[in-house]
Amino acid sequence: MALSSSISSSLCKLSSQNALSPDSNSNKIFNSRCGPFSSVHQLPICKMGYVCQWGRRKSSNMQLISASVMDVSLDKSMEKVQLPKGDNWSVHKFGGTCVGTSERIKNVAEIIVKDDSERKLVVVSAMSKVTDMMYDLIYKAQSRDDSYISAVDAVLEKHRLTALDLLDGDDLASFLSRLHHDINEIKEMLRAIYIAGHASELFSDIIVGHGELWSAQMLSSVVRKKGIDCKWMDTRDVLIVNPTSANQVDPDFVESEMRLEKWFFQNPSKTIVATGFIASTPQNIPTTLKRDGSDFSAAIMGALFRARQVTIWTDVDGVYSADPRKVAEAVILNQLSYQEAWEMSYFGANVLHPRTIIPVMQYGIPIVIRNIFNLSAPGTMICRPSVDENEGNQRLESPVKGFATIDNVALINVEGTGMAGVPGTASAIFSAVKDVGANVIMISQASSEHSVCFAVPEKEVEAVAEALQSRFRQALDAGRLSQVAVVPNCSILATVGQRMASTPGVSASLFSALAKANINIRAIAQGCSEYNITVVVKREDCIRALKAVHSRFYLSRTTIAMGIIGPGLIGGTLLDQLRDQAAVLKEDFNIDLRVMGITGSRTMLLSDSGIDLSRWRELIKEKGEVGDMHKFVNHVHGNHFIPNTALVDCTADSNVASHYHEWLRKGIHVITPNKKANSGPLDQYLKLRALQRQSYTHYFYEATVGAGLPIISTLRGLLETGDKILRIEGIFSGTLSYIFNNFKGTRRFSEVVMEAKQAGYTEPDPRDDLSGTDVARKVIILARESGLKLELADTPVQSLVPEPLRATASADEFMQQLPQYDEDLAKQLQDAEDAGEVLRYVGVVDVVNKKGLVELRRYKNDHPFAQLSGSDNIIAFTTARYKNQPLIVRGPGAGAQVTAGGIFSDVLRLASYLGAPS
């Protein structure tokens with residue numbers, strides 16, 4: 001009998017039983033459609049589980065007998081051949097995003113091929129959005145929306161185009177034939193659903209599971225094209241699960257293991273691509289593994305194969321200490337215990353569903369979360385905790401591993417004197433909650449038994465409150481219960497860490513951090529395992545609370561040991577500003593900045609408790625010793641009673657900048673106006689920034705561009721909020737701004753340069769400013785912040801130093817000879833003024849064309865760049881949001897006071913990150 005006929009008859013019978021009355025008109029439609037195939041009605045419904053498999057089963061009695069004989073034969077053969085299990089297997093799971101396009105499927109195949117494991121099992125989800133598309137088909141069909149037909153065609157076209165891009169020859173022809181066959185069967189099922197106006201769970205599971213079947217088939221073919229022996233597995237042949245009442249399933253490991261042995265005997269291969277998400281019941285009825293089913297499939301397979309490791313490939317670098325969308329300073333966790341991952345995932349962290357962890361825990365199989373789009377990231381390993389959890393880290397690991405939040409919850413408080421000592425009250429409360437199908441997220445009860453408080457999803461709170469009011473109406477009327485109160489608009493914050501159980505003071509630190517952030521706690525819960533402390537706060541306070549506790553545990557306290565490198569003009573001014581503000585910071589902001597050392601190129605001053613900044617110049621002369629950078633850093637960082645160390649580099653020395661990476665690795669925060677590190681060799685810069693992102697230490701350099709102006713922070717703010725930078729153009733040099741603001745009329749260029757030098761605006765050698773190199777470094781810094789990978793040598797720079805004077809021995813000789821070359825610039829000035837324009841020396845970051853340049857340009861007199869005075873800087877950001885009218889930052893961009901102020905601002909920014917109250 002034709003397979004499609006079998007499908008139609010079985011579907012009709014099942015639908016009519018589930019959805020239609022015997023007398024309905026719709027039932028007549030079914031009878032007319034099913035009449036010719038009535039003989040098939042006696043087939044068990046379990047055959048439906050395989051109507052869409054590509055290894056199809058026939059329904060005749062003779063074939064069933066043959067299958068039974070074959071099974072006996074297989075059983076005898078398998079007594080001699082067993083499925084190899086153990087560490088030679090590695091399991092990979094690729095989600096829908098990973099196989100969302102043909103190109104991504106190719107990337108997945110490449111990862112599989114490059115895995116040097118002896119044996120590999122790959123669990124694959126449906127292509128991105130396909131599962132949602134399949135559910136949408138069912139919804140439209142049962143809503144009797146005729147557009148389901150075109151929606152089916154869209155599913156077909158998506159996979160057809162993907163196959164055409166990936167496959168060829170027999171593989172392509174075979175896949176397309178099966179694809180069209182499956183689509184026709186899906187249309188038959190959807191037609192039945194359309195007529196019935198209802199879709200049973202069985203129908204839904206059959207239809208939705210096709211996405212995994214198609215992606216597994218295509219991926220296995222691509223792997224074979226690369227010369228690897230690869231089989232694909234329909235996991236409905238292997239994974240057997242028992243549905244539970246909680247819309248979940250429990251794996252039957254014994255039966256699944258038996259079926260896996262049989263499957264492998266028939267399909268031996270060292271590389272297997274298996275479908276995720278789908279399985280069968282013990283009666284061979286197709287089902288799914290529900291939420292996060294593909295992850296669950298991978299974990300079950302890992303347990304069945306006793307694999308060395310299960311790798312879950314996703315689109316994030318690993319498990320974060322907190323949601324990075326809410327806490328910018330969140331870090332990737334290298335390792336989590338099974339229990340920690342369980343707790344964090346329960347409270348909404350993007351880890352795994354708690355049930356995913358269960359199958360692998362029994363065998364101690366680690367799960368690794370990795371980013372398919374960033375293969376260099378090692379990811380997060382979820383495993384049994386090692387003996388040495390610190391893994392050589394120089395700082396003791398925080399007892400808290402991570403934080404997770406659940407939004408949109410409500411508290412329900414049931415209280416009354418009649419509750420105390422009355423058995424069964426709690427049981428009655430939660431029985432009522434169960435009856436309305438609500439999920440209790442957290443429970444808190446005072447030891448006095450006067451009240452029970454619990455949290456439920458906000459969308460369920462009304463039904464729960466009504467159920468409790470009804471259940472306890474008599475107690476409420478009699479006064480034994482005083483109220484059933486609802487507290488809406490809440491969020492849950494969970495603090496998770498296995499080492500919390502052995503670390504005193506964790507709760508105190510947690511509540512102290514929340515208090516400093518002015519967060520009121522509505523309810524508290526902690527289990528006796530002490531893996532988790534849960535608090536309920538107002539919804540509007542949730543992100544602030546998360547940031548406060550994350551800062552407290554990951555970034556420590558607000559006492560900072562500081563080392564100042566370069567006590568010259570900038571460094572000396574900073575020390576004076578620290579001196580003048582120290583008392584205010586301590587009293588008003590609880591920030592204790594202790595300067596433990598000051599070093600120049602020759603002399604350094606060290607202190608064990610903090611240098612008296614009111615007389616630091618005298619102390620350097622009196623107690624200074626020979627400068628030694630290694631000794632200086634060890635001294636400042638060696639104060640164990642101060643948990644945070646920051647080195648402030650106020651030099652322009654590239655040698656000092658070369659130490660930043662080493663300092664950050666040691667856990668030392670770095671703050672600097674020194675442009676050499678961020679504009680130096682690109683590979684070193686990328687290495688520095690990568691370390692900064694991966695570690696718990698901070699690297700601040702706002703003053704490298706624009707002195708005290710918020711240039712870099714503005715740029716970051718634009719980028720972090722999703723804006724797209726198109727162009728950055730500005731006058732970045734306070735020296736050159738002063739020169740060209742005063743170079744006008746009949747004034748000579750050399751005269752203005754001399755004036756600027758005498759006023760202290762230029763470097764001791766003005767060629768350092770006129771060469772444009774300083775501006776070029778700022779351009780490179782902003783270009784790299786914008787995502788461009790440029791080298792300083794890639795940036796064209798128009799030097800204002802005449803060619804013959806570039807090799808002049810001294811600055812004095814340069815100044816003496818400069819007037820000989822005034823004529824050229826005088827002519828440029830005259831031409832500009834005749835056209836109603838001014839000359840300005842600018843730097844440009846052209847993000848669209850991925851380049852930077854530094855040159856002398858002309859601007860109309862009404863242009864913002866023409867309106868400057870003194871040594872002001874002006875920077876214009878042209879972005880997707882600020883396209884017609886650029887965002888402009890303007891202000892003093894040179895001078896010791898404003899530069900030191902910019903550095904000081906970064907110091908306070910660091911203190912804020914380390915837990916200082918805002």
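- In the nomenclature of an unreviewed UniProt entry, the protein corresponds to ACT domain-containing protein from the organism Vitis vinifera.
- Per UniProt, the protein has the following entry under Cofactor (unreviewed entry): "a metal cation".

**Considering the overall build of the protein**
Okay, so step 1: Assigned secondary structure in the protein consists of 33 helices and 30 strands.
Okay, so step 2: Burial analysis of the protein (918 residues in total) assigns 53% to the buried set.
Okay, so step 3: When contacts within the protein are restricted to residue pairs at least 6 apart in sequence, those whose partners lie at least 24 apart make up 73%.
Okay, so step 4: Within the structure as shown, the protein displays about 40100 Å² of accessible surface, and the carbon and sulfur contribution to it stands at 49%.

**Here's the deal with the sheet that holds strand β20 (residues 592-599)**
Sheet strands pair via backbone hydrogen bonds, and the direction of the pair is either parallel or antiparallel.
Okay, so step 1: If you trace the 7 strands from one edge of the open sheet to the other, you get β22-β21-β20-β19-β23-β24-β25, paired in mixed fashion. Looking at strand neighbours, the two that pair on one side only are β22 (625-626) and β25 (699-700), the edges of this open sheet.
Okay, so step 2: Two elements, β20 and strand β21 (residues 603-606), share 3 bridges in a ladder whose sense is antiparallel. Counterpart to Thr-599 in the pairing with β21 is Met-604.
Okay, so step 3: Contacting β19 (559-565), β20 and β23 (644-649), helix α19 (residues 569-589) runs over the sheet at an angle of about 160° to β20.
Okay, so step 4: The strands touched by helix α33 (residues 896-913) are β19, β20, β23, β24 (668-671) and β25; relative to β24, the strand with the most contacts, the crossing angle is about 150°.

**Some details on the sheet that holds strand β26 (residues 725-731)**
Okay, so step 1: The antiparallel open sheet is built from 5 strands, whose spatial order is β28-β27-β26-β29-β30. Only two strands of the sheet have a single partner each, and these edge strands are β28 (851-860) and β30 (887-892). Neighbour-to-neighbour, the strand axes of the sheet open up by a mean angle of 20°, direction not taken into account.
Okay, so step 2: Pairing of strand β27 (residues 837-846) with β28 involves 10 bridges; the strand directions are antiparallel. Directly across from Glu-837, in β28, lies its bridge partner Lys-860.
Okay, so step 3: Against the sheet, helix α27 (residues 734-742) touches β26, β27, β28 and β29 (872-879), its axis set at about 155° to β27.

**Some words on helix α13 (residues 354-361)**
Okay, so step 1: Taking burial as the measure, the 8 residues of α13 include 6 buried ones, the bulk of the element.
Okay, so step 2: Buried within α13 we find Pro-354, Arg-355, Thr-356, Ile-357, Pro-359 and Val-360.
Okay, so step 3: Elements in contact with the buried residues of α13: β5 (249-251), α10 (253-266), α11 (293-305), β9 (309-314), α12 (338-346) and β11 (367-371).

**Notes on the packing of α27 against helix α28 (residues 749-758)**
Relative orientation and spacing of two packed helices are given, respectively, by the angle between their axes and the distance between those axes.
Okay, so step 1: Packing of α27 against α28 leaves a shortest axis separation of 9 Å and a crossing angle of 135°. As summarised for this structure, α27 and α28 are arranged oblique, according to the angle between their axes. Every pair of crossing elements has a handedness; the one defined by α27 and α28 is right-handed. Note on element contacts: α28 touches α27 through Phe-749, Val-752, Val-753, Glu-755 and Ala-756, opposite Tyr-738, Ile-739, Phe-740 and Asn-742.
Okay, so step 2: A breakdown of the residues in the contact of α27 with α28 according to their chemical character gives 7 nonpolar, 1 polar and 1 charged.

**Considerations on the packing of helix α6 (residues 148-166) against helix α9 (residues 210-225)**
Okay, so step 1: Contact geometry of α6 with α9 gives a least axis separation of 11 Å together with a crossing angle of 5°. One element, α6, and the other, α9, form an angle in the roughly parallel class. Between α6 and α9, the contacting residues are Val-155, His-159, Thr-162, Ala-163 and Leu-166 on the first element and Trp-214, Met-218, Val-222 and Lys-225 on the second.
Okay, so step 2: Residues of the contact of α6 with α9, tallied by class, amount to 6 nonpolar, 2 polar and 1 charged.

**Concerning the side chain of Arg-355**
Okay, so step 1: Tracing the sequence through the fold places Arg-355 in helix α13.
Okay, so step 2: Its relative accessible area of 6% is what places Arg-355 among the buried residues.
Okay, so step 3: At a separation of 2.2 Å, a polar atom in the side chain of Arg-355 contacts the main-chain carbonyl oxygen of Leu-289.

**Some details on the environment of Asp-435**
Okay, so step 1: Looking at the element boundaries, Asp-435 is found in helix α14 (residues 425-435).
Okay, so step 2: Given a relative accessible area of 55%, Asp-435 falls into the exposed group.
Okay, so step 3: Through-space distance from the C-alpha of Asp-435 to that of Ala-467 is 8.3 Å; in sequence the pair is 32 residues apart.
Okay, so step 4: A distance of 3.0 Å separates a polar atom in the side chain of Asp-435 from a polar atom in the side chain of Arg-471.

**Description of the pattern of salt bridges**
Okay, so step 1: With the rule as written, the count across this model stands at 45 salt bridges.
Okay, so step 2: Put simply, Arg-689 and Glu-785 hold a salt bridge, and the shortest N to O gap is 2.9 Å. Here Arg-689, found in helix α25 (residues 682-694), pairs with Glu-785, found in helix α30 (residues 773-785); they are 96 residues apart in sequence, far enough to count as distant. Neither Arg-689 nor Glu-785 differs from the other in exposure class; each is buried.
Okay, so step 3: Three or more residues joined by partner-sharing salt bridges are found here, namely Lys-85, Glu-257, Glu-261 and Arg-306.

**A few points about the packing of aromatic side chains**
Okay, so step 1: Using the criterion set out here, one finds 14 aromatic pairs in the structure.
Okay, so step 2: Each ring, one from Tyr-859 and one from Phe-865, has its centre 5.1 Å from the other, and the planes form 55°; the classification is tilted.
Okay, so step 3: Given the relative accessible area of 2%, Phe-865 is considered buried.
Okay, so step 4: Ring pairs connect the aromatic residues Tyr-660, Trp-663, Tyr-699 and Tyr-701, which therefore count as one cluster.
Okay, so step 5: In this structure, Arg-784 packs its charged tip against the face of Tyr-685, placed 4.9 Å from the ring centre.

**Concerning the side chain of Asn-532**
Okay, so step 1: For Asn-532, the position within the fold is in strand β18 (residues 532-538).
Okay, so step 2: Here Glu-343 takes part through its side chain, which lies 3.1 Å from a polar atom of the side chain of Asn-532.
Okay, so step 3: Of note is the side chain of Asn-532, whose polar atom sits 2.9 Å from the side chain of Thr-534.

So, how was this worked out
Residues numbered from 1 in each chain as written. Predicted model: local features only at pLDDT ≥ 70, side-chain atom pairs only at ≥ 80, totals over all residues. Heavy atoms only, no water. UniProt positions renumbered as here; feature names shortened; annotations may be inferred. Helix = DSSP H or I, 4+ residues; strand = E, 2+ residues; numbered from the N terminus. Buried < 20%, exposed > 50% of the residue type's maximum accessible area, 1.4 Å probe, protein only. Contact = heavy atoms within 4.5 Å. Areas by Shrake-Rupley, 256 points an atom, 1.4 Å probe, with all protein chains shown as cover. Pairing = 2+ DSSP bridges. Axes fitted to C-alpha atoms, helices over the stretch in contact; angles between N-to-C directions. Parallel < 35°, antiparallel > 145°, perpendicular 65-115°, else oblique. Left-handed = near helix turned anticlockwise from the far one by under 90°. Nonpolar A, V, L, I, M, F, W, Y, C, P; charged D, E, K, R; others polar. Polar contact = N/O pair within 3.5 Å; in protein donor to acceptor, adjacent residues only side chain to side chain. Salt bridge = Lys/Arg side-chain N within 4 Å of Asp/Glu carboxyl O. Phe/Tyr/Trp six-rings, centres within 6.5 Å; stacked < 30°, edge-to-face > 60°. Lys NZ or Arg CZ within 6 Å of the ring centre and 35° of its normal.

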